[in-house]
Amino acid sequence: MTLAEIKSLDQADPLAAKREEFLLPEGVIYLDGNSLGALPKRVVARMAQVIQQEWGQSLIKSWNTHGWIDLPQRVGARIARLVGAEPDEVVVADSTSVNLFKVLLAALELRPGRRAILSDIANFPTDLYIAQGITELLKRHELRLVSKEEIDKSLDEEVAVLLLTEVDYRTGYRYEMAHLTRLAQQKGALVVWDLAHSAGAFPVHLNQAQVDFAVGCGYKYLNGGPGAPAFLFVARRHQAATRPFLTGWMGHADPFAFSPEYIPAEDLRRLTVGTPAILSLSALEAALEVFEGVDMALVRQKSLQLTDLFIQLMEPLAARYGFQLATPLEHARRGSQVSYRHPEGYAIMQALIAQGVVGDFRAPDILRFGFAPLYLRFEDVYQAVHRLAQVMQSGLWREARFQERAKVT
Ligand SMILES: *Cc1c(COP(=O)(O)O)cnc(C)c1O
């Protein structure tokens, strides 16, 4: 495809104007929105307002007058639309890891007598670590880790919970959520889906798929900022029976009664724990306004066009320099990222970042490129591949400075 043809794709893009709602550094092609979403302009204004007016002027009155106390549920309701849930089925609090601890423990409690947690051995480490911690705490479960191909046949009557991340963080492989949810439930298990690389990247249909529990991230495709609070989803049919175990005062039925006995809130507030992080929640709330009125089906369509184009333009480079595509070509099995394996992946990515194309690296050999359809142009895809070609042709990546490993990759 020629550059002129690619530019015409941008001209025809119904989401093109969304880019204007973000502050992006000049000259940088940002392909890491799957790790840390870009900064929406309205977040800057909202932060100034929350800090100067709400905190600075109204001080503690803001809990009531500016509705701070309801932010976890208000922001949850906004995320609900993006993941195919009802407004009262999502709440925002804590990190994805902590939310996973809460819902996994609650789900296991709903399946007494079953002793296995089944997951993908390639699942994101925090998901596996949390599951491991829970087995050590409860001392009556085993964590069964299998490959993607073995998930369905490993579902048996012993499995209490199937714990999966919809999109593999390394390869971008996307599971068939509805199908696996049905299979697990037919065996009497509950499902917990991690939507870290799904929410905001494409439409998710939690209720259509009859998912039981889910968690997800606020700082990736939702653009809530570094360390933004995460969300959790509990289907309505499970809410009354979902027991909180991190029983903090904010999950109490009446926190300001200051009663010595814990009684859980009727609604999902029971899965919140301590005082909400108002600054981060406000940033996330403003970031979610960018999604207002956005048709997520169009987001998916553009995401597939962007990733298809990238894979297509990469073909000659891949053949010449030994990049191995790790992402499925089949659309239904692909998230919103493209990954390649290369033995020198770390140094190549560092050199590419120095050339203004920001992706990231995941051990042992994965170069990862995330495509956030709200702020990426087709022309960016072209430029990214062009700069990678230069990095390879010049051998720039061989320089010693690109071999040094930083703390965060
Ligand atoms: C990014 C990511 C997380 C992040 O967890 P935090 O507790 O918010 O740091 C969790 N799960 C998956 C699959 C992720 O990709």
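Source: prediction; values computed, not measured.

Caption draft 1: View of helix α13 (residues 378–394). End to end, α13 covers 25 Å across 17 residues, agreeing with the expected 24 Å (1.5 Å per residue, within 8%). Within α13, burial applies to Phe-378, Asp-380, Val-381, Ala-384, Val-385, Arg-387, Leu-388, Ala-389, Val-391 and Met-392. Of the surrounding elements, those touching the buried residues of α13 are α1 (3–12), β2 (29–30), α11 (296–321), α12 (345–354) and β13 (357–358). After α13 finishes, the residue Gly-395 shows a positive phi value of roughly 70 degrees.

Caption draft 2: Seen up close, unusual backbone geometry. Of note, the bond from Ala-363 into Pro-364 is cis; its omega dihedral lies within 30 degrees of zero at 5 degrees. Relative to the assigned elements, Pro-364 resides in the loop between β14 (360–362) and β15 (366–370). Residue Leu-59 is not a glycine yet carries a positive backbone phi of 45 degrees. Turning to its location among the elements, Leu-59 is positioned in the loop between α2 (41–57) and α3 (62–65). Given a relative accessible area of 48%, Leu-59 falls into the partly exposed group. Phi at Asp-94 takes a positive value of approximately 55 degrees, unusual for a residue other than glycine. What makes Asp-94 partly exposed here is its relative accessible area of 31%.

Caption draft 3: Fine view of the pattern of salt bridges. Inspection of every chain in the model, using the stated rule, returns 28 salt bridges. In this structure, Arg-42 engages Glu-289 in a salt bridge whose closest nitrogen and oxygen atoms are separated by 3.2 Å. On the criterion of sequence distance, the pair formed by Arg-42 in helix α2 and Glu-289 in helix α10 (residues 278–289) is long-range, its members being 247 residues apart. When its relative accessible area of 27% is taken as the criterion, Glu-289 is described as partly exposed. Arg-174 serves as the salt-bridge partner of Glu-166, at 3.0 Å between the closest nitrogen and oxygen. Arg-174 carries the same exposure label as Glu-166, and that label is buried.

Caption draft 4: Geometry of the side chain of Arg-174. Mapped onto the fold, Arg-174 is located in the loop between β7 (159–165) and α8 (177–186). Among the polar contacts listed, one links the side chain of Arg-174 to the side chain of Glu-166, at a separation of 3.0 Å. When near neighbours in sequence (up to four residues on either side) are disregarded, Arg-174 contacts Glu-166, Val-167, Phe-202, Pro-203, Arg-300, Ala-332, Arg-333, Arg-334 and Gly-335.

Caption draft 5: Summary view of the domain arrangement of the protein. The domains assigned to the protein are domain 1 (3–30 + 295–402) and domain 2 (46–291). Using only C-alpha atoms to locate each centre, domain 1 and domain 2 end up separated by 30 Å. Each partner contributes residues to the interface: domain 1 has 29 residues there, and domain 2 has 20 residues. Taking both partners together, domain 1 and domain 2 bury about 1900 Å²; carbon and sulfur atoms supply 57% of that area.

Here is what the cut-offs are and how they apply
Residues numbered from 1 in each chain as written. Predicted model: local features only at pLDDT ≥ 70, side-chain atom pairs only at ≥ 80, totals over all residues. Heavy atoms only, no water. Helix = DSSP H or I, 4+ residues; strand = E, 2+ residues; numbered from the N terminus. Expected span 1.5 Å × (residues − 1). Buried < 20%, exposed > 50% of the residue type's maximum accessible area, 1.4 Å probe, protein only. Contact = heavy atoms within 4.5 Å. Salt bridge = Lys/Arg side-chain N within 4 Å of Asp/Glu carboxyl O. Polar contact = N/O pair within 3.5 Å; in protein donor to acceptor, adjacent residues only side chain to side chain. Domains from an automatic or database assignment. Buried area = accessible area lost by both parts, 1.4 Å probe.

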